[in-house]
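A closer look at the structure
If you want the building blocks of each chain, they are given just below.
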Amino acid sequence: MRKIVIVGGVAGGATAAARLRRLSEEDHIVLFERGEYISFANCGLPYYIGGVIEERSKLLVQTAEVMSKRFCLDIRPLNEVTAIHRDRKTVSVRNVKTGEEYEETYDILILSPGAKPIVPPIPGIEEAEALFTLRTVPDTDRIKAYIDEQKPRRAVVIGGGFIGLEMAENLIHRGIHVTLIERANQVMAPIDYEMAAIVHDHMREHGVELLLEDGVRALEERGRRVVLTSGRVIETDMIILAIGVEPESWLAKEAGLELGVRGAIKVNEHLQTSDPSIYAIGDAVEVRHYIHGFETFVPLAWPANRQGRLVADHIHGFDVKYSGTLGTSIAKVFELAVAATGLNEKMLRALGVPYDVVHIHPLSHAGYYPNAEVMTFKLVFDRETGRIYGAQAVGKEGVDKRIDVIATAIKGGLTVRDLPDLELAYAPPFSSAKDPVNMAGYVASNIMDGLVETVQWHEIDRIVDDGGVLIDVRTEQETSRGMIRGSIPIPLDELRDRLHELPKEKPIYVTCQVGLRGYIAARILRQHGFRAINVDGGYRLYAVVKQ
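My aim in this report is to walk through the structure given alongside it, one point at a time. (Residues numbered from 1 in each chain as written. Predicted model: local features only at pLDDT ≥ 70, side-chain atom pairs only at ≥ 80, totals over all residues. Heavy atoms only, no water.)

This part covers the packing of helix 1 (residues 10-23) against helix 8 (residues 301-315). Remark: helix 1 packs on helix 8, axes separated minimally by 7 Å, with the N-to-C direction vectors making an angle of 35°. Crossing angle aside, the handedness with which helix 1 passes helix 8 is right-handed. Across the interface between the two elements, Ala-11, Gly-12, Thr-15, Ala-16, Arg-19, Leu-20, Arg-22 and Leu-23 from helix 1 touch Ala-304, Asn-305, Gly-308, Arg-309, Ala-312, Asp-313 and Ile-315 from helix 8. Taken together, the residues that form the contact of helix 1 with helix 8 break down as 7 nonpolar, 4 polar and 4 charged. (Axes fitted to C-alpha atoms, helices over the stretch in contact; angles between N-to-C directions. Helix = DSSP H or I, 4+ residues; strand = E, 2+ residues; numbered from the N terminus. Left-handed = near helix turned anticlockwise from the far one by under 90°. Contact = heavy atoms within 4.5 Å. Nonpolar A, V, L, I, M, F, W, Y, C, P; charged D, E, K, R; others polar.)

In structure tokens:
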């Protein structure tokens, strides 16, 4: 019989404990959790605050009592591990309620301490009375109690990541005016700027005051005044600090275990630390990116759950490895779903990796069936090999399944040329006969085959300013509602009759509403001796970024 000690519950630790018991009835399994709750739905916390999830009990995935009995585990909530003694294979533990301290031996140790909210040294932050972070059930209780009892009218959310956006939405649901401050030029780092621009517009439409490219310089009057880097001062009744998380790796550090990116615990492909008898999983560990293999820190639920199971399997002799993290993610932002998988343009530029992108704007299901919604879908790929680097999608319906298909395609080693061959479920209420994933594959394959050249939304203004010729092939009714500055309106159905108006000695850039008619026009021009270049994503994408 072995003694396996797990530090931390929730996704990673609780998953490991349950799998360990299913694999062996003999091992003594001890799980320490310094909080009261060993397994809770931390991704659901903002929605309880907002009243979408009405019952608090729904957040509690598993209780210590039920899990202990079902899996015959020694679960000790409200017991904090304060030190690891590798030389004698023990951990020091403090009972949070009584203050009692004791040591516990182990044969194998699994660290699943998670991550904690980053709290920067902003002047005045220590004195702020109504400043909250959100990571645990007690955090949630404090925020909800404050809103219920104090009835705040104004809130400032600092940070435009998942938690920041979800809290902004749920505070709006509670009737609170929200100002969201983000130091970068966009919210939602996993997506690129032009995709985030859609989210920015949507948030403003729903009443969020969105302040980008500004930071917090100081907090005054016990957190009632937020002074920004720009000099602007915002009056508020409460503050949600949501600028990100950092790994809770201090136990590993003090035990002399090797750390990696951002202080996360370094592990091998079997999730063993620099001490083979100690494993580490979840939000506290460094992982390799699935596509390019660089070390990174990705605190998401799926990796933690998967790692918990893999560690249990490896302990029991299975030849399993963690193959890396793809970073597939999704968030609800009011009526929009915002999702991404793999690498975005920002990451690829930082890595110095060449890439191409395509943007399409398909409907979520057949257009003739009621309530079809437009989504914007972006595919990032290698023009030479067709390798898929990543994808992003923003829309009201159908976003999740398209990103999931691309995530699966990446894991399966498919290329953009394989996407048109995917036989996906179709009926008018659910999709189109040519699914958006199929369409993205067709568009990317056209680029690889040399059938079309494209230019991006951020390049076309400079091209026109430098004397480039840009034609807009939409109808007169469409162009009357807005055009790219300097473009020449020539409706697609008139193009063949007006070719003589265009210079053959210069490239002809083409735009339409979403890119499809632009592609048709580019093919017409190419076959009449012109060099034609389509504006990827069309006027729809350009307008949302430039307005």
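Here we come to the side chain of Glu-169. When you line up the elements, Glu-169 lands in helix 5 (residues 162-173). The buried category is assigned to Glu-169, whose relative accessible area is 0%. In this structure the side chain of Glu-169 is engaged in a polar contact, spanning 2.8 Å, whose partner is the backbone nitrogen of Phe-334. (Buried < 20%, exposed > 50% of the residue type's maximum accessible area, 1.4 Å probe, protein only. Polar contact = N/O pair within 3.5 Å; in protein donor to acceptor, adjacent residues only side chain to side chain.)

Turning our attention to the sheet that holds strand 28 (residues 453-455). With parallel pairing, 5 strands are arranged side by side in an open sheet as 28-32-31-29-30. Either end of the sheet is taken by a strand with one partner, and the two such strands are strand 28 and strand 30 (488-489). (Pairing = 2+ DSSP bridges.)

We now examine the pattern of salt bridges. This structure, assessed with the given rule, holds 43 salt bridges. For Glu-104, the salt bridge is made with Arg-76, and the minimal N-O distance between the two is 2.9 Å. Highlighted residues: Glu-104 in strand 8 (residues 101-105) and Arg-76 in strand 5 (residues 74-77), separated in sequence by 28 residues. The exposure class of Glu-104 is buried, given its relative accessible area of 9%. A residue is classified by how much of its surface remains accessible, and Arg-76, at 18% relative accessible area, is buried. We note a salt bridge from Arg-94 to Glu-80, for which the minimum N-O separation is 3.2 Å. (Salt bridge = Lys/Arg side-chain N within 4 Å of Asp/Glu carboxyl O.)

This paragraph deals with the sheet that holds strand 27 (residues 388-395). One open sheet holds the 5 strands; their spatial order is 23-24-27-26-25, and the pairing between them is antiparallel. Of all the strands in the sheet, just strand 23 (329-333) and strand 25 (356-360) have a single pairing partner and so form its edges. On average, each strand axis in the sheet is tilted by 10° relative to the strand beside it, whichever way the strands run. Across 5 bridges, the pairing between strand 25 and strand 26 (residues 375-381) is antiparallel. Paired with Ile-360 across the two strands is Phe-377, which belongs to strand 26. Across the sheet, helix 11 (residues 436-448) is in contact with strand 25 and strand 26; its angle to strand 25 comes to roughly 140°.

Moving on, we get to empty space enclosed by the protein. Per the stated rule, a full pass over the model turns up 1 cavity of 30 Å³ or more. Of the pockets and cavities examined, the largest cavity occupies roughly 30 Å³. Of the residues assigned to the lining of the largest cavity, the class counts are 4 nonpolar, 3 polar and no charged. (1 Å grid on protein atoms, 1.4 Å probe; cavity = no way out; pocket = protein on both sides within 12 Å on 5 of 7 lines; lining within 4 Å. Points joined across faces, edges and corners; volume = space filled by probe spheres on them.)

Attention shifts here to the pairing of strand 6 (residues 79-85). Most of strand 6 is tucked away: 6 of the 7 residues are buried. The sheet contact formed by strand 6 and strand 7 (residues 90-95) spans 6 bridges and is antiparallel. Bridging across to strand 7, His-85 finds its partner in Thr-90. Linking strand 6 to strand 7, which pair antiparallel, is a turn of 4 residues; within it Lys-89 sits at a positive phi near 50°.

Once that is clear, we can look at the layout of surface pockets. Each pocket or cavity is described by its volume, and for the second largest pocket that value is around 470 Å³. Lining of the second largest pocket is provided by 21 residues; of these, Ile-360, Met-439, Val-443, Gly-515 and Leu-516 occupy positions nearest its centre. Counting residues per element, the ones that place at least two in the lining of the second largest pocket are strand 25, helix 11 and helix 14 (516-526). Broken down by element, the residue count for the lining of the second largest pocket peaks at 5 residues, all from helix 11. For the lining of the second largest pocket, a count of residues per class yields 12 nonpolar, 7 polar and 2 charged.

Relative to strand 16 (residues 225-228), strand 15 (residues 216-220) is paired through 4 bridges, and the arrangement is antiparallel. Bridge pairing links Leu-219 to Val-226 in strand 16. In terms of strand pairing, strand 16 meets strand 17 (residues 233-235) through 3 bridges, oriented antiparallel. By the bridge assignment for strand 17, Arg-225 is matched with Glu-235.

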